[in-house]
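# Geometric and topological summary
Residue-level listing of the chains:
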Amino acid sequence: MNVLGIDPGLANTGYGLVARRGARFVALDGGVVTTRAGVPLEQRLVSIFAEIDALIERHEPDAVALEDLFFGQNARSAFAVGQARGVVMLAAGRRGVPCASYTPQQVKQAVCGSGRAAKDQVARMVCAVLGLPDEPLPDHATDALAVGVCHANHAPLAQAMASAR
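The notes below deal with the structure included here. (Residues numbered from 1 in each chain as written. Predicted model: local features only at pLDDT ≥ 70, side-chain atom pairs only at ≥ 80, totals over all residues. Heavy atoms only, no water.)

### Quick word on the sheet that holds strand β2 (residues 12–21)
Strand order in the open sheet formed by five strands is β3-β2-β1-β4-β5, with mixed pairing between adjacent strands. Across the chains shown, the open sheet's two edge strands, defined by having one partner strand only, are β3 (24–34) and β5 (99–102). Neighbour to neighbour, the strand axes of the sheet diverge by 20° on average, direction disregarded. Strand direction decides the pairing type here: β2 and β3, joined by ten bridges, are antiparallel. Bridging from a neighbouring strand, arginine 20 pairs with phenylalanine 25 of β3. Where helix α1 (residues 41–59) meets the sheet, its contacts fall on β1 (2–7), β2, β3 and β4 (63–67), and the angle it forms with β3 comes to roughly 155°. Packing of helix α2 (residues 75–94) onto the sheet brings it into contact with β1, β2, β4 and β5, and relative to β4 it is tilted by some 175°. (Pairing = 2+ DSSP bridges. Helix = DSSP H or I, 4+ residues; strand = E, 2+ residues; numbered from the N terminus. Axes fitted to C-alpha atoms, helices over the stretch in contact; angles between N-to-C directions. Contact = heavy atoms within 4.5 Å.)

Structure below.
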């Protein structure tokens with residue numbers, strides 16, 4: 001199973017391609033799609049769409065896993081993240097790739113065993129699980145890899161439950 005994990009954002013959308021090989025995970029790709037402030041919103045969204053669409057075409061993932069929207073204090077930021085999530089889902093839907101969403105707590109639980117894990121602990125565990133050197137990627141890429149690992153852990157159980165229905 002290959003999963004394209006996404007940490008959506010308007011300025012920085014992290015991505016990480018995670019493959020499950022038996023009981024092991026490997027990172028096949030990772031990075032950040034960056035857009036500049038001052039560029040019209042619609043053009044920033046086009047850039048995110050084009051980059052994610054190209055990743056999906058190149059890697060042909062079995063699923064796209066996105067981190068859920070976290071509102072916090074800044075509604076404007078939440079709307080921008082929601083728009084970035086939308087274009088990622090559009091790119092996946094256009095190519096027939098199913099999407100799944102996970103809360104930050106679910107991702108932390110899947111990677112660290114605790115939904116309250118600190119950001120640096122998540123980064124260390126992602127590196128350990130994927131056999132990467134310590135924190136080789138920007139935060140957004142590491143977060144996206146964590147989302148991919150979360151889905152790769154969750155997907156077999158979800159498929160078994162769906163089959164049982």
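### A few points about the environment of aspartate 139
Assignment of secondary structure puts aspartate 139 in helix α5 (residues 139–164). Its relative accessible area of 44% is what places aspartate 139 among the partly exposed residues. For the pair aspartate 139 and lysine 119, spaced 20 residues apart in sequence, the C-alpha separation works out to 8.8 Å. (Buried < 20%, exposed > 50% of the residue type's maximum accessible area, 1.4 Å probe, protein only.)

### Notes on the environment of alanine 54
Structurally, the position occupied by alanine 54 is in helix α1. Spatially, the C-alpha atom of alanine 54 lies 8.9 Å from that of alanine 91, the residues being 37 residues apart in sequence.

### A short note on α1
Helix length check: α1, at 19 residues, gives a terminal C-alpha distance of 27 Å against a target of 27 Å (1.5 Å per residue), a fit within 8%. By the burial criterion, the buried members of α1 are Arg44, Leu45, Ile48, Phe49, Ile52, Asp53, Leu55 and Ile56. With its buried residues spanning 160° around the axis, α1 presents them on a single face. Residues of α1 that are buried in the fold lie against β1, β2, β3, β4 and α2. Directly beyond the C-terminal end of α1, a positive phi value near 45° is found at glutamate 60. (Expected span 1.5 Å × (residues − 1). Arc of directions from axis to C-beta.)

### With respect to the pairing of β1
Where burial is concerned, most of β1 is hidden: six out of the six residues are buried. Residues Asn2, Leu4 and Ile6 of β1 are buried on one face, and the alternating residues Val3, Gly5 and Asp7, pointing to the opposite face, are buried as well. For β1 and β2, the ladder comprises six bridges, and the chain directions are antiparallel. Each residue of the ladder has a partner; that of aspartate 7, found in β2, is glycine 14. The hairpin turn running from β1 into β2, its antiparallel successor, is four residues long. Bridge count for β1 against β4 is four bridges, and the pairing is parallel. By the bridge assignment for β4, glycine 5 is matched with alanine 65.

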